[in-house]
Amino acid sequence: MPIVKPKYHKRPWYFINGHFETIIPSLFYEVNDVSYERERLELEDGDFLDLDWLRNGNKRLIILSHGLEGSSYRHYIKRPAHFFSKKGWDILAWNNRSCSGELNRLPRFYHHGATEDISAVINQGLEGAYEEVVLIGYSMGGGMQQKYLGERKTDSRIKGAISFSVPCNVLDSADQLRKRGNRFYERRFVSKLKEKILAKAEVVEMDVDGIEGIRSFRELDEKFTLKIHTEYSSADDFYAKITSDQFLTNIQIPLFIVNAVNDPMLGSKCYPIELARKSETLYLEMPDKGGHVGFTMPGNQWSYMEYASEWFIEEIIPSH
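All values derive from a computational prediction rather than experimental measurement.

J.: I'm lost on the overall build of the protein in this one. Help?
T.: Along its length, the protein carries 10 helices and nine strands. The globule rule puts the C-alpha radius of gyration for 320 residues at 20 Å, and the 19 Å found for the protein is close to it. Across the 320 residues of the protein, 60% fall into the buried class. Sequence-distant contacts, at least 24 apart, represent 74% of the contacts inside the protein between residues at least 6 apart.

J.: Quick question: what am I supposed to make of the environment of Arg188 here?
T.: Mapped onto the secondary structure, Arg188 falls in helix α6 (residues 183–201). Each C-alpha atom, one on Arg188 and one on Pro2, is 35 Å from the other, the two residues being 186 residues apart in sequence. The contacts of Arg188, once residues within four sequence positions are left out, are Ser26 and Leu27.

J.: Would you mind showing me how to read the sheet that holds strand β8 (residues 255–258) here?
T.: Reading across from one edge, β1-β9-β8-β7-β6-β4-β5-β3-β2 is the order of the nine strands in this open sheet, with mixed pairing throughout. Only two strands of the sheet have a single neighbouring strand rather than two, namely β1 (3–4) and β2 (37–42). Pairing of strand β4 (residues 60–65) with strand β6 (residues 132–138), which is carried by six bridges, proceeds in the parallel orientation. Across the sheet, Leu64 pairs through a bridge with Ile136, a residue of β6. In this fold helix α10 (residues 304–316) packs onto β1, β4, β6, β7 (158–164), β8 and β9 (282–285), with an angle of close to 155° to the strand it touches most, β7.

J.: Help me understand the environment of Glu30, please; the structure alone is not making it clear to me.
T.: Among the structural elements, Glu30 can be located in the loop between α1 (18–28) and β2. Residues Glu30 and Arg218, 188 residues apart in the sequence, show an inter-C-alpha distance of 31 Å.

J.: What should I look at first to understand the pattern of salt bridges in this one?
T.: Note that side chains of opposite charge can pair when their charged atoms are close. Considering all chains together, one arrives at 26 salt bridges under this definition. Here Asp45 makes a salt bridge to Arg97, at a shortest N to O gap of 3.0 Å. Taken together, the positions of Asp45 in the loop between β2 and β3 (48–54) and Arg97 in the loop between β5 (90–95) and α3 (115–126) put the pair 52 residues apart, joining distant regions of the chain. Residue Asp45 is classed as partly exposed on the basis of its relative accessible area of 36%. A salt bridge links Glu186 to Arg183; its shortest N-O distance comes to 3.0 Å. Taken together, the positions of Glu186 and Arg183, both in helix α6 and three residues apart, correspond to about one turn of that helix.

J.: I would appreciate a short explanation of the packing of aromatic side chains in the present structure.
T.: Working definition: an aromatic ring pair is given by the centre-to-centre distance plus the angle between the planes. Taken as a whole and judged by the stated rule, the model has 22 aromatic pairs. With a centroid separation of 5.4 Å and 50° between ring planes, the pair formed by Tyr76 and Tyr138 is classed as tilted. On the criterion of sequence distance, the pair formed by Tyr76 in helix α2 (residues 75–85) and Tyr138 in strand β6 is long-range, its members being 62 residues apart. Judged by relative accessible area, Tyr76 falls into the buried class, the value being 7%. Overall, Tyr138 belongs to the buried group, its relative accessible area being 1%. Ring centres of Phe83 and Tyr307 lie 5.9 Å apart, and the angle between their planes is 85°; on these two criteria the pair is classed as edge-to-face. In this pair, Phe83 is assigned in helix α2 and Tyr307 in helix α10, connecting sequence segments 224 residues apart.

J.: Please clarify how the environment of Asn182 should be interpreted in this entry.
T.: For Asn182, the location among the structural elements is in the loop between α5 (170–177) and α6. According to the relative accessible area criterion, Asn182 is buried, its value standing at 7%. Sequence separation of Asn182 and Thr230 is 48 residues, and the distance between their C-alpha atoms is 30 Å. In this structure Asn182 touches His19, Gln176, Leu177 and Pro264, once residues within four positions along its chain are discounted. Of note is the side chain of Asn182, whose polar atom sits 3.1 Å from the backbone oxygen of Pro264.

J.: Just checking my understanding: could you explain the nonpolar core for this structure?
T.: In summary, soluble globular proteins display a tendency toward joint burial of nonpolar side chains. Formed by 54 residues in total, the largest nonpolar core has its most connected members in Ile63, Leu135 and Ile158. The greatest single-element share of this core, amounting to five residues, is contributed by α6. Aside from chain neighbours lying at most four places away, what touches Ile158 is Ile122, Leu126, Val133, Leu135, Tyr148, Leu149 and Ile253. Listed in part, the 35 residues of the second largest apolar core include Val31, Trp89, Ala93 and Phe312.

J.: Would you mind showing me how to read helix α8 (residues 235–242) here?
T.: Structurally, the α-helix is built with 3.6 residues per turn, so residues lying three or four positions apart point the same way. Taken together, the buried positions of α8 are Ala235, Asp237, Phe238, Tyr239 and Ile242. Elements in contact with the buried residues of α8: α4 (140–151), α5 and α7 (217–228).

J.: Honestly, α1 in this entry has me stumped. Any pointers?
T.: Those residues of α1 lying buried are Gly18, Glu21, Thr22, Ile24, Pro25 and Ser26. Those residues of α1 hidden inside the fold are in contact with α2 and α6. Put simply, Asn17 is the residue that caps the front of α1, since its side-chain oxygen is 3.0 Å from the backbone nitrogen of His19.

J.: When you look at the packing of α3 against α4 in this model, what are you seeing that I'm missing?
T.: What describes two packed helices is the angle between their axes and the distance between those same axes. Direction vectors running N to C along α3 and α4 enclose 80°, while the axes themselves pass 9 Å from each other. Taken together, the axis directions place α3 and α4 in an arrangement best described as roughly perpendicular. Judged by residue contacts, Thr115, Ile118, Ser119 and Ile122 of α3 engage Met144, Gln145, Lys147, Tyr148 and Glu151 from α4. A breakdown of the residues in the contact of α3 with α4 according to their chemical character gives four nonpolar, three polar and two charged.

Rules and cut-offs
Residues numbered from 1 in each chain as written. Predicted model: local features only at pLDDT ≥ 70, side-chain atom pairs only at ≥ 80, totals over all residues. Heavy atoms only, no water. Helix = DSSP H or I, 4+ residues; strand = E, 2+ residues; numbered from the N terminus. Rg over C-alpha atoms; globule rule 2.2 N^0.38 Å. Buried < 20%, exposed > 50% of the residue type's maximum accessible area, 1.4 Å probe, protein only. Contact = heavy atoms within 4.5 Å. Pairing = 2+ DSSP bridges. Axes fitted to C-alpha atoms, helices over the stretch in contact; angles between N-to-C directions. Salt bridge = Lys/Arg side-chain N within 4 Å of Asp/Glu carboxyl O. Phe/Tyr/Trp six-rings, centres within 6.5 Å; stacked < 30°, edge-to-face > 60°. Polar contact = N/O pair within 3.5 Å; in protein donor to acceptor, adjacent residues only side chain to side chain. Core = buried A, V, L, I, M, F, W, Y, C linked by side-chain atoms within 4.5 Å. Parallel < 35°, antiparallel > 145°, perpendicular 65-115°, else oblique. Nonpolar A, V, L, I, M, F, W, Y, C, P; charged D, E, K, R; others polar.

Here it is in structure tokens:
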């Protein structure tokens, strides 16, 4: 029954609720002292992914997956990259298509269920002489790696996975974002995605008819995503097939999910409580506070996410 007793309790005094815990770090936090080495990974479909490395000749590798409209340069990625590179790990922080600072060649973008790309990244990482690999994903990146792990038998060197602020049920998360107090997040994400899509349409032939009037994720998926990813018949079919919670029971390695109760982007179905109670490998922690990819600690350069990851890596993964 791996329900983990919450260990994150004290947030900065001015973080009065989950919105402050989410928005302030997202808008204002920066991390210096991280200098990546970039590698371009050519994909079989003719497109590419940009991978950012911190290599120190270690035998252990952490692969970091960012959230929606994030990148390897977001604070929540650079911070664990810095933290674990000082503790004997090599780091591979990868960028989804058109998230690296350069638009990709093909119309295709990315989404929560696009495990072909994360699979290519992990395979590239496994080509190194690593004895241990741990996956850490944030928000969408956590869902992508969960779906990846549940879909296939993985290399024995992948020892465990950690996910923070994960919309384990994509439709439930989308419904949460439509609530009156949370529409800010949906509008912000949709605006950024529209801007990127329109920029790409200037250099790549794409059907963007009607996109400027889009105001919600569902509209975006119906009027754009389904045109690019034709394997889905409708928005509901898309959400049903990409959501990661249906794959959790298939995951054979230790998986740690940390979802704050006050996360404004997660609905009740994003907390797989019953699955965790029955599982020997799924660990779930639900702190009352933390927001979405927040978990800020007063007077500390690290967040709770780095310490929680270290605890799971050092204490739990070896016990399996």
